[in-house]
Structures are given as structure tokens and as C-alpha cells.
Amino acid sequence: MLTAASQVLLRSEELLEQGKWLLVNPTDGQVFSELANPDVHGFHQFFDIYEQSVAVTKGQGRDSQHQFAAAYEADASFDGAVLYLPKAKAHGQMLLANIAPCLKPGATLLVVGENKGGIKSAAKLLTPYSDNVNKVDSARHCAMFAAVIDKPVAPFDITKWQDVSEYQVSDITFKVCSLPGVFSHGDLDTGTQLLLDNIDRVVSGRILDFACGAGIIGCFAGLKNAQAQVVMSDVSALAIYCSQKSAELNGVKAQVIPSNGLRALTGKFAQVFTNPPFHTGIKTDYSVTESFMQQLKNHLQDRGSLILVANKFLRYADELEKQFKSVQFLKETSKFSVYCCRR
Ligand SMILES: C[S@@+](CC[C@H](N)C(=O)[O-])C[C@H]1O[C@@H](n2cnc3c(N)ncnc32)[C@H](O)[C@@H]1O
């Protein structure tokens, strides 16, 4: 389904008719089949949209035009790019710094997004790259801005955007690498900390940090029990990048897997830990966590357990009770609940 931002982009399709174009974090895959120009490529930091985009363009042999990556490899070959504005301002700034060196001098840079997502500030985001920024369109609670690159552009180095912070929980000290656009960038979320505080024991088996973000839970678990085989998964390429770095920083051997929900995960786990998502982009979305709760029992070993933290207002207890034999509250605070569920 086309999102409102893609619909607004398609209203100005004539801008993308000529040359080689890059769509950056499009919010749907269908836009690639609607655009007449076959030389439109995709830079994706979200694995679900990457998979959709590959599926949509496979028939025309254009699936290799899509990259799932934390950073796009610069080759200054594009005549234009469209950035779908992300939720976090610093994430938008980092993406612009990444794609500007991928563009030819004089190329067009479009930024599209929802009013609720702060698109009105896009003109400001573009001023480091251009003195020539215009509003192209505004419809469907979205707007689109265009700029012609007319200022010098610096090479992109993702490591300059990284934050490495050190935390201590119980008697474990660990380092976390994070980037703009990753959950709780530069900080330890209160819910995540409460989950860590309530992990008494990590088993010496295969364990999963589902929706791992910067890899905090997986690293903590790997440090708590060096015999645990740590797997971490997330839909975001930035989260995958940071989790790999965090694991290296802590000397934790981990397998880090991009996955939409549990789809790409095979094999069973003895323990699963998660602070699961309830947003997709700027929208509240419980569907990922609901599917996770429904499907997890197929990924748990006999006597395997799930430890999950969630905001108290998210009433997950009913669904968990439907899916698991035993559901216990490990901890409740005024804001969060930590659940322990067993098959
Ligand atoms: C609340 S954050 C928790 C991050 C990390 N575990 C922590 O505690 O700091 C939820 C995570 O879910 C990820 N996520 C969102 N949608 C997802 C999906 N469809 N499949 C897998 N992960 C998803 C987000 O990228 C984000 O990293």
C-alpha cells in the first residue's frame, strides 16, 4: 500500500523522470512499481520495507538496486535523491550527510514527510547543502521540499555520528554504541534497565534479544553468562550496526540478524528477552509485538522462557496468558511491568 508520503512524491513524478535516483528509507515498497523511471534505487534502513521493495522489483530484474545498510556507499553517481524524513531530527541530519556525497554536483535533493513528523523543519535541514530550497507540494497531511546541491559536501564517516557510553547495572559494566535513529540513542531506557535489574540468571544455551536496538540486553546477557550463545535481532540496519559494535566493545560473541519480527529467525531459544516496539515510524503500532507474542512459542525450547518489559499502559498480560502456560510479574513499577512467561 502506498503511504501518504509516497502519494505526495508521485504527484511530482516528473521531477524523477530523468537520470539515476535514490529513495532513502521509503515508507513502502510499492512506490518503486509506480515510478516509470527504471533507474530508481533504494537505500533502506528498515528490513521490512527492503524485503517489500526487493519483491516488488524482482519481476523486472531490478531487485539488486536495493541496499539494506546502516550507511550508503558513496559513489557520486546519482542525479537526485528523495529522503523520507525520519522521526528523529539527528537521524535526518545523518542521512543527509550520508547521501549528499552520493549525488552529482547540482543534483536535486527532495525531502518528503508528514506534518506530524516535523516535515515543516525540512527546509532548515537542507540549508547546509543548498541556498536554493523550495516547497514543492503539500497534501495528505504531508509536504515535500526540494533543494539543488550548490554547496561543498564533506565525505561521510558514520563513526563520527556514533556515541559510545558506559553503563553499570547490578555488578555488570558494559559499553553501548548507538547512533541517531536507534532507540534511546546515548541513553539507557528506564524500562530496559528494569528488565536488566530483573534478569537473575542467563542460561548456558541459545538466547535471543528480540528487537535489540543498540544491543544492550544481548550484551548484558552475554556478560552475565559467557556460555550463552547470544542472538540479537532487529528490523533496523542502524540497530544491527550498533549491536554488532556493542558486542565487539564488550567482547561478547553474538549473531546479529536483521529480521522483521521473528521471520528471519530459525532454531529454538532457551531464553528470550525483549523490550518490544509499539511504534512504526511516528505511528503507534502494536502489531509487531502482538505477532511476536503469538509466534514465540514456536521458537522456544521446552521449558524455555520469555522475559519482557513493557509500559504498564500496554495491556499485554491477556495475550501473554493466552499464549503461555505460566505468566508471572517479576516486577511492577508505576510505569513498567516485567513479565516472565514459560511454555
Ligand atoms: C523499545 S525498542 C528496544 C530496543 C532495545 N532492546 C533496548 O531495550 O534499548 C524496540 C526496538 O524494536 C525494533 N523494531 C521495530 N519494529 C520491529 C520489527 N517489525 N521487527 C523487529 N524489530 C522491530 C526497533 O527498531 C527498536 O530497536
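Values in this document were obtained by computation on a predicted structure and should not be read as measured data. (Residues numbered from 1 in each chain as written. Predicted model: local features only at pLDDT ≥ 70, side-chain atom pairs only at ≥ 80, totals over all residues. Heavy atoms only, no water.)

A. Just the site of the ligand, in detail. Around the ligand, the surrounding shell holds 17 residues, and the nearest of these are T192, A211, D234, N260 and G261. Separating an oxygen atom of the ligand from a backbone N or O atom of G213 is a distance of 3.5 Å. Separating a nitrogen atom of the ligand from a backbone N or O atom of V235 is a distance of 3.4 Å. Of the residues contributing to the shell around the ligand, the split by class is 9 nonpolar, 7 polar and 1 charged. (Near = heavy atom within 4 Å. Polar contact = N/O pair within 3.5 Å; in protein donor to acceptor, adjacent residues only side chain to side chain. Nonpolar A, V, L, I, M, F, W, Y, C, P; charged D, E, K, R; others polar.)

B. Expanded view of the environment of A74. Considering the arrangement of structural elements, one finds A74 in the loop between β3 (66-68) and β4 (78-84). Discounting residues that sit within four places of it in the chain, A74 has contacts with P101 and C102. (Helix = DSSP H or I, 4+ residues; strand = E, 2+ residues; numbered from the N terminus. Contact = heavy atoms within 4.5 Å.)

C. Spatial organisation of the sheet that holds strand β1 (residues 21-24). Strand order in the open sheet made by the 7 strands is β3-β2-β1-β4-β5-β7-β6, with mixed pairing throughout. Because the sheet does not close on itself, it has two edges, and the strands there are β3 and β6 (133-139). Direction aside, the axes of adjacent strands within the sheet are offset by 15° on average. The sheet contact formed by strand β2 (residues 40-44) and β3 spans 3 bridges and is parallel. Residue F43 lies in a different strand from β3, and its bridge partner there is Q67. Contacts from helix α3 (residues 47-58) reach β2 and β3, with the element oriented near 160° to β3. (Pairing = 2+ DSSP bridges. Axes fitted to C-alpha atoms, helices over the stretch in contact; angles between N-to-C directions.)

D. Representation of the UniProt feature "domain: Methyltransferase small N-terminal" (unreviewed entry) in the chain. Here the UniProt feature "domain: Methyltransferase small N-terminal" (unreviewed entry) sits at residues 6-162. This span, residues 6-162, is 24% helix and 29% strand, and a straight line between its end C-alpha atoms measures 30 Å. (UniProt positions renumbered as here; feature names shortened; annotations may be inferred.)

E. The arrangement of the pattern of salt bridges in detail. For the structure on display, the rule yields 10 salt bridges. For E114, the salt bridge goes to K283, with nearest N and O atoms at 2.8 Å. In this pair, E114 sits in strand β5 (residues 103-114) while K283 sits in strand β15 (residues 283-284), placing the two residues 169 residues apart along the sequence. Residue classification places E114 among the partly exposed residues on the basis of a relative accessible area of 22%. Given a relative accessible area of 45%, K283 falls into the partly exposed group. (Salt bridge = Lys/Arg side-chain N within 4 Å of Asp/Glu carboxyl O. Buried < 20%, exposed > 50% of the residue type's maximum accessible area, 1.4 Å probe, protein only.)

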